[in-house]
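# A closer look at the structure
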Amino acid sequence: MPRTSERTSQARGWPWGLAATCGLILLRLAYAARVELAPQEAYYWQYTRHLDWSYLDHPPMCAWWMALSVRLLGDSQVALRLPAILSSAALSWVLYSLGKRLYSPAVGMLTAVAANATVLFGLGAVVMTPDVPLVLFWAAALRVLCELVLPDGRGPGRFGWRWYLLGALCGGGLLSKYTAALLPLQVLATALVMPRGRAALRTPHPYAACVLMLAVFSPVLIWNQAHGWASFAFQTTGRARTVDGFHGYLVGRYLGLQAVAVGPLLYVALLLTAGVLVRQAWRGDVRARLLGVASVPGLAAFTLVSPLHWVKMNWVAPAYLGLMVAAAAGAWALRQHRAVRGYAALSVGVGAVLMTGMYLMPLCPWIPFRERDNLVSGWRELADAVQRHREAAGSPAPLVVGWGYKTASELAYYLPGRPETQSDSALGGDGLAYGFWLDRVSPGVDALVVEDARQPLRDAATRLEAHCGAVKELPSVTVHRGPRPVTTFRVWSCQRWHAPREVAVRQPPPASAGGR
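Right, let's walk through the structure included here.

How each quantity is defined
- Residues numbered from 1 in each chain as written.
- Predicted model: local features only at pLDDT ≥ 70, side-chain atom pairs only at ≥ 80, totals over all residues.
- Heavy atoms only, no water.
- Helix = DSSP H or I, 4+ residues; strand = E, 2+ residues; numbered from the N terminus.
- Rg over C-alpha atoms; globule rule 2.2 N^0.38 Å.
- Contact = heavy atoms within 4.5 Å.
- Areas by Shrake-Rupley, 256 points an atom, 1.4 Å probe, with all protein chains shown as cover.
- Lys, Arg positive; Asp, Glu negative; His and termini not counted.
- Charge placed at Lys NZ, Arg CZ, Asp CG, Glu CD.
- Buried < 20%, exposed > 50% of the residue type's maximum accessible area, 1.4 Å probe, protein only.
- Patch = residues over 30% accessible without salt bridge, like charges linked within 9 Å, V, L, I, M, F, W, Y side chains within 5 Å.
- Salt bridge = Lys/Arg side-chain N within 4 Å of Asp/Glu carboxyl O.
- Axes fitted to C-alpha atoms, helices over the stretch in contact; angles between N-to-C directions.
- Parallel < 35°, antiparallel > 145°, perpendicular 65-115°, else oblique.
- Pairing = 2+ DSSP bridges.

### A closer look at the overall build of the protein
- Assigned secondary structure in the protein consists of 21 helices and 5 strands.
- For the protein, the C-alpha radius of gyration of 24 Å lies close to 24 Å, the compact-globule estimate for 516 residues.
- Of the contacts formed within the protein by residues at least 6 apart in sequence, a portion of 77% connects residues at least 24 apart.
- Total accessible area on the protein stands at roughly 22,800 Å², and carbon and sulfur atoms take up 65% of it.
- With 48 positive and 28 negative side-chain charges, the protein shows a separation of 14 Å between the mean positions of the two kinds.

Following this line, the structure appears as structure tokens:
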């Protein structure tokens, strides 16, 4: 009787789940058309205009997905964000499937709903970044791993195909973001703590799957070998050079950002869930071992790093996948307690309010927000002002140099004709991937240099004099969110711009705190 009732409930729930997914997709498509690109999205769109095997600061998957969408649909805001919207829908399905496989359909549904009600995964569904494919591949790998190591799993299948699927998913994660280096280690650790996993390690399939993973990841290896291993140096020794001791305020920033990312109440619940998973795993619970290995080490690693380096909101996303399933399972198991039901509902509700506020902030100027942190308003307004300066300069239109990859990328997208722009590399600074694109512009042309007050060009006089034949400051531009000023941009006319020799020969720039 309970099994029949469960199947009937599933049959009734599918139409509602499908309708909710389609409704979310339509809402997110409408939103994607209205709100200006975030600077990171504009920067990754620049990746698509310089397609390569990989890039200085990230592997290529995000760029490849965006490039495919652009090729099929054009380079509108909706087209650039469509991969994120579809990937989020797929992630919701994978989370539902994971919760259902480990516990019950209700747990799967609660996991998917909770994830979509957070800033991290809900708002992330309309912002195309490398984290979008990363979390999808990570969650899918965890789902496949269930069948390989759990006592009631389906096993590797004929010819061990599930191991090869797992290897391909790990490779896809590595092609998305270097954080995925933790994923094969997670798989190995899970196999070692599971009897079925240890038995599988005595077969050739896991090792052949590792070879497949490296083959999928090989474009990044090829690019790095051709560029002096620049990307690996950027992400390792380059980032290590930015660590200058213990800073307590970074811990506060980390905790605050994570509380915003998933909602403060849910964040507390996830931290408590991590402790529960450790205890249950120690007692031999195989599901707790699977989810604990998937989540606790990553969460602990980022927490330990947080006093030494700025850990950004999105970096911890993969660690929350298993914790959300476990938290949903705990809430469902204790649903008869009114306090648990109330806390679970309030946790999801608070997260949803935060997410909705972040969604509406660019569209509703009356929503309070620290405008200095508003990175999705005013770019069209800036592009209009810069275009007037370009037209006043005559023909040929001057090169646009944005100080900071954010300004350079947004202007490349929103200026009429979407011209080639340059960034800090053109003025002897760290332009990230722009340092590899400097050969797309010719020295000796006139340029407009644009600086955001939030990222000031502190040595403007010296730097401009070294790279310009003549310099003239033009009227500044203040951009707005409705009536509220967001920031001010300074603009200089740089006549007869010339690039520094060391950048012009495409030397990779050092790592900086600006890397995403």
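### Digging into the environment of Leu134
- Mapped onto the secondary structure, Leu134 falls in helix α7 (residues 131-149).
- When its relative accessible area of 1% is taken as the criterion, Leu134 is described as buried.
- Spatially, the C-alpha atoms of Leu134 and Arg101 are 22 Å apart, while their sequence positions differ by 33 residues.
- For Leu134, the residues in contact, after removing those within four places along its chain, are Gly173, Ser176, Lys177, Thr179, Ala180 and Pro318.

### Thoughts on a nonpolar patch on the surface
- Taken together, the side chains of Leu68, Leu72 and Leu73 make up a nonpolar region of the molecular surface, amounting to roughly 340 Å² of accessible area.
- One can find Leu73 in helix α3 (residues 61-73).
- The class for Leu73 is exposed, based on a relative accessible area of 52%.

### Notes on the packing of helix α14 (residues 264-282) against helix α16 (residues 317-333)
- Direction vectors running N to C along α14 and α16 enclose 85°, while the axes themselves pass 9 Å from each other. Judged by the angle between their axes, α14 and α16 are roughly perpendicular. For the pair α14 and α16, the contacting residues are Leu266, Tyr267, Leu270, Thr273, Ala274 and Leu277 in the first and Tyr320, Leu323, Met324, Ala326 and Ala327 in the second.

### Side note on the sheet that holds strand β2 (residues 421-422)
- An order of β2-β1-β3-β5-β4 is seen for the 5 strands of this open sheet, with the pairing classed as mixed. The open sheet terminates on both sides in strands that have one partner only, identified here as β2 and β4 (470-481).
- Across 10 bridges, the pairing between β4 and strand β5 (residues 484-495) is antiparallel. Each bridged residue has a counterpart across the sheet, and for Arg481 the counterpart in β5 is Arg484.

### Thoughts on the pairing of strand β1 (residues 399-403)
- For β1, a buried count of 5 out of 5 residues is recorded, marking the element as mostly surrounded by other parts of the structure.
- Burial along β1 is two-sided: the face carrying Leu399, Val401 and Trp403 and the face carrying Val400 and Gly402 are both buried.
- As defined by bridge partners, β1 adjoins strand β3 (residues 447-452) across 5 bridges and the pair is classed as parallel. For Val400, the partnering residue across the bridge sits in β3 and is Leu448.
- Bridging between β1 and β2 involves 2 bridges; their strand directions are parallel.

### Regarding the pattern of salt bridges
- If you walk through the whole model with that rule in mind, you get 12 salt bridges.
- Residues Asp75 and Arg418 are paired through a salt bridge, measuring 2.7 Å at the closest nitrogen-oxygen approach. One end of the pair, Asp75, is in the loop between α3 and α4 (77-102); the other, Arg418, is in the loop between α19 (405-414) and β2, and 343 residues separate them in sequence.
- According to the relative accessible area criterion, Asp75 is partly exposed, its value standing at 27%.
- Residue classification places Arg418 among the partly exposed positions, given a relative accessible area of 24%.
- Note that Asp452 is salt-bridged to Arg454, the shortest N-O span being 2.9 Å.
- Here Asp452 falls in the buried class, since its relative accessible area comes to 6%.
- Here the salt bridges do not stand alone but share partners, grouping Arg101, Arg143, Glu147 and Asp152 into one network.

### Remarks on unusual backbone geometry
- That bond from Ser395 to Pro396 is cis: its omega, 0°, falls within 30 degrees of zero.
- For Pro396, the location among the structural elements is in the loop between α18 (379-393) and β1.
- Phi is positive for Trp229, close to 55°, though the residue is something other than glycine.
- For Trp229, the position within the fold is in the loop between α11 (205-226) and α12 (230-240).
- With a phi close to 55°, Leu432 is a non-glycine residue in the positive phi region.
- For Leu432, the location among the structural elements is in the loop between β2 and β3.
- Using a relative accessible area of 3% as the deciding quantity, one classes Leu432 as buried.

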